[in-house]
Amino acid sequence: MASTPNIPSHTKAWVYSEYGNIEHILKFDPNVPTPDIKENQVLIKVVAAALNPVDYKRALGYFKDFESPLPTVPGYDVAGVVVRVGSQVKKFKVGDEVYGDINEKALDPKTSGTLVEYTAAEEKVLAHKPSNLNFIEAASLPLAIITAYQGLETAEFSAGKSILVLGGAGGVGTLAIQLAKHVFGASKVAATASTAKLELLKKLGADLPIDYTKENFEELSEKFDVVYDAVGQSERALKAIKEGGKVVTILPPGTPPAIPFILTSDGAVLEKLQPYLESGKVKPILDPKSPFPFSQAVEAFAYLNTNRATGKVVIYPIP
Ligand code: NDP
Ligand code: 2XX
């Protein structure tokens, strides 16, 4: 097992030991054990970590029947530097700059997440950080971009098809628009957001930004081959598809025949999208309030919980 020297046995982290509103139960702990790594894992010095709505849903206990017992260090997305490598690891060495969503199965997450100084992850959920992205930008991507990509694949989206993205200004929506347009080759991309965010949707590649505060997308005469629901409006979305069209919803269970979808974290997806990230065809979108310093993790979750974040909420620097 290769390792850098002087990895501390205990470090600083954000932890919760009960279920509830994450803003109320999340506590700072200066003395959390540094995780051990399995043979197929690497230990990462965390440089930046991104928040996701799944963090606060999990803290409410939504997945408690599936996941390890409390206490929990939240956080799925990480960008950092490899400091220790398990004997079976092939893709990474000590010193490599990596990023990823450390939980292969979103609903069966690791007890020790990414709001901590060191975190462990299997090599298969990680990729080398694109050299043109800083750690904040890289940390913002994994869970959201993998969800966007795999959700589009699930809907069998392909070149020449039209798509409507519901929730176009969010962490997933901002990437779903870009992937649909610049990677999958959409013929037309429509997306919903509130008034002030319509210009952003256009910049990302939306041909038809829809102000949901002024019109109902399902009442438009135009119908779409695919609707990507990142808001929880699958019943309405079914009225916006063409004959033979599909709705994919990332807020399961949704309304049949909308297709419910949950991501599977996969470093191979990040590797496949690396050329688009390095060329700038697909860009990480950071909320203007990002990054929040490690000391303000509670404030960062409170902001994410407003459901108004534009792009991603990232925590940086990690002490
Ligand atoms: P965000 O917190 O990033 O979404 C915030 C955005 O949602 C805001 O920009 C807001 O724009 C927009 N929004 C809120 N309400 C509406 C609305 N009625 N119509 C259009 N846009 C709206 O969330 P994420 O993008 O990270 O995740 C979205 C949802 O998907 C969450 O519920 C999350 O739990 C889920 N999810 C599921 C996954 C899966 O694998 N199944 C994976 C990832 C996320 P505005 O201010 O203009 O309203
Ligand atoms: O809501 C969810 C979310 O954000 C993720 C990753 O999974 C759940 C869907 C049950």
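Note: the structure precedes this text.
Residues numbered from 1 in each chain as written. Chains lettered and ligands numbered in written order. Predicted model: local features only at pLDDT ≥ 70, side-chain atom pairs only at ≥ 80, totals over all residues. Heavy atoms only, no water.

### Details of the site of ligand 1
For step 1, the next point in the chain: For ligand 1, the set of nearby residues contains 27 residues, the closest of which are Lys57, Ser194, Tyr212, Arg308 and Ala309.
For step 2, the next point in the chain: In the environment of ligand 1, an oxygen atom lies 3.4 Å from a nitrogen or oxygen atom belonging to the backbone of Ala169.
For step 3, the next point in the chain: Leu263 is positioned with one of its backbone polar atoms (N or O) 2.9 Å from an oxygen atom of ligand 1.
For step 4, the next point in the chain: Protein chains bury 90% of the 930 Å² of accessible surface belonging to ligand 1 in isolation.
For step 5, the next point in the chain: Judged by its atoms lying within 2 Å of the grid points, ligand 1 is housed in the largest pocket.
For step 6, the next point in the chain: Elements with a minimum of two residues in the shell around ligand 1: α2 (53–59), α4 (142–154), α5 (171–183) and β10 (188–193).
For step 7, the next point in the chain: A per-class count over the shell around ligand 1 returns 15 nonpolar, nine polar and three charged. (Near = heavy atom within 4 Å. Polar contact = N/O pair within 3.5 Å; in protein donor to acceptor, adjacent residues only side chain to side chain. Areas by Shrake-Rupley, 256 points an atom, 1.4 Å probe, with all protein chains shown as cover. 1 Å grid on protein atoms, 1.4 Å probe; cavity = no way out; pocket = protein on both sides within 12 Å on 5 of 7 lines; lining within 4 Å. Sits in = over half its atoms within 2 Å of the grid points. Helix = DSSP H or I, 4+ residues; strand = E, 2+ residues; numbered from the N terminus. Nonpolar A, V, L, I, M, F, W, Y, C, P; charged D, E, K, R; others polar.)

### Observations regarding the nonpolar core
For step 1, the next point in the chain: The biggest cluster of nonpolar side chains holds 57 residues, and the ones touching the most others in it are Ile145, Ile163, Leu179 and Tyr228.
For step 2, the next point in the chain: Element by element, the count of residues in this core is highest for α4, at seven residues. (Core = buried A, V, L, I, M, F, W, Y, C linked by side-chain atoms within 4.5 Å. Buried < 20%, exposed > 50% of the residue type's maximum accessible area, 1.4 Å probe, protein only.)

### Here's the deal with the pattern of salt bridges
For step 1, the next point in the chain: A full pass over the atoms with the stated rule returns 14 salt bridges.
For step 2, the next point in the chain: The partner of Asp96 in a salt bridge is Lys93, with the nearest N and O atoms 2.9 Å apart. (Salt bridge = Lys/Arg side-chain N within 4 Å of Asp/Glu carboxyl O.)

### With respect to unusual backbone geometry
For step 1, the next point in the chain: The step from Pro252 to Pro253 runs through a cis peptide bond, and the omega angle for that step is 5 degrees.
For step 2, the next point in the chain: Even without a glycine there, the phi angle at Glu156 is positive, about 55 degrees.
For step 3, the next point in the chain: Turning to its location among the elements, Glu156 is positioned in the loop between α4 and β9 (162–166).
For step 4, the next point in the chain: Although it is not a glycine, Asn307 adopts a positive phi angle of roughly 65 degrees.
For step 5, the next point in the chain: Among the secondary structure elements, Asn307 is positioned in the loop between α9 (297–304) and β15 (314–315).

### Focus on the layout of surface pockets
For step 1, the next point in the chain: There is about 1,100 Å³ of room inside the largest pocket.
For step 2, the next point in the chain: If you trace the largest pocket, you find 40 residues lining it, with Pro53, Lys57, Ala230, Ile250 and Leu251 closest to the centre.
For step 3, the next point in the chain: Secondary structure elements with two or more residues in the lining of the largest pocket: α2, α4, α5 and β10.
For step 4, the next point in the chain: Broken down by element, the residue count for the lining of the largest pocket peaks at four residues, all from α2.
For step 5, the next point in the chain: Here the residues of the lining of the largest pocket are counted per class, giving 24 nonpolar, 12 polar and four charged. (Points joined across faces, edges and corners; volume = space filled by probe spheres on them.)

### Description of the site of ligand 2
For step 1, the next point in the chain: In the vicinity of ligand 2, the residues found are Val54, Lys57, Ala106, Pro252, Ile262 and Leu263.
For step 2, the next point in the chain: Interatomic distance of 2.7 Å between a side-chain N/O atom of Lys57 and an oxygen atom of ligand 2.
For step 3, the next point in the chain: When ligand 2 is considered free in solution it has 300 Å² of accessible area, and contact with the protein chains removes 82% of it.
For step 4, the next point in the chain: The residue makeup of the shell around ligand 2, split by class, is five nonpolar, no polar and one charged.

### Focus: the side chain of Thr34
For step 1, the next point in the chain: Looking at the element boundaries, Thr34 is found in the loop between β3 (27–33) and β4 (41–50).
For step 2, the next point in the chain: Here Thr34 falls in the buried class, since its relative accessible area comes to 12%.
For step 3, the next point in the chain: For Thr34, the residues in contact, after removing those within four places along its chain, are Ile7, Pro8, Ser9, His10, Thr11, Leu43 and Tyr118. (Contact = heavy atoms within 4.5 Å.)

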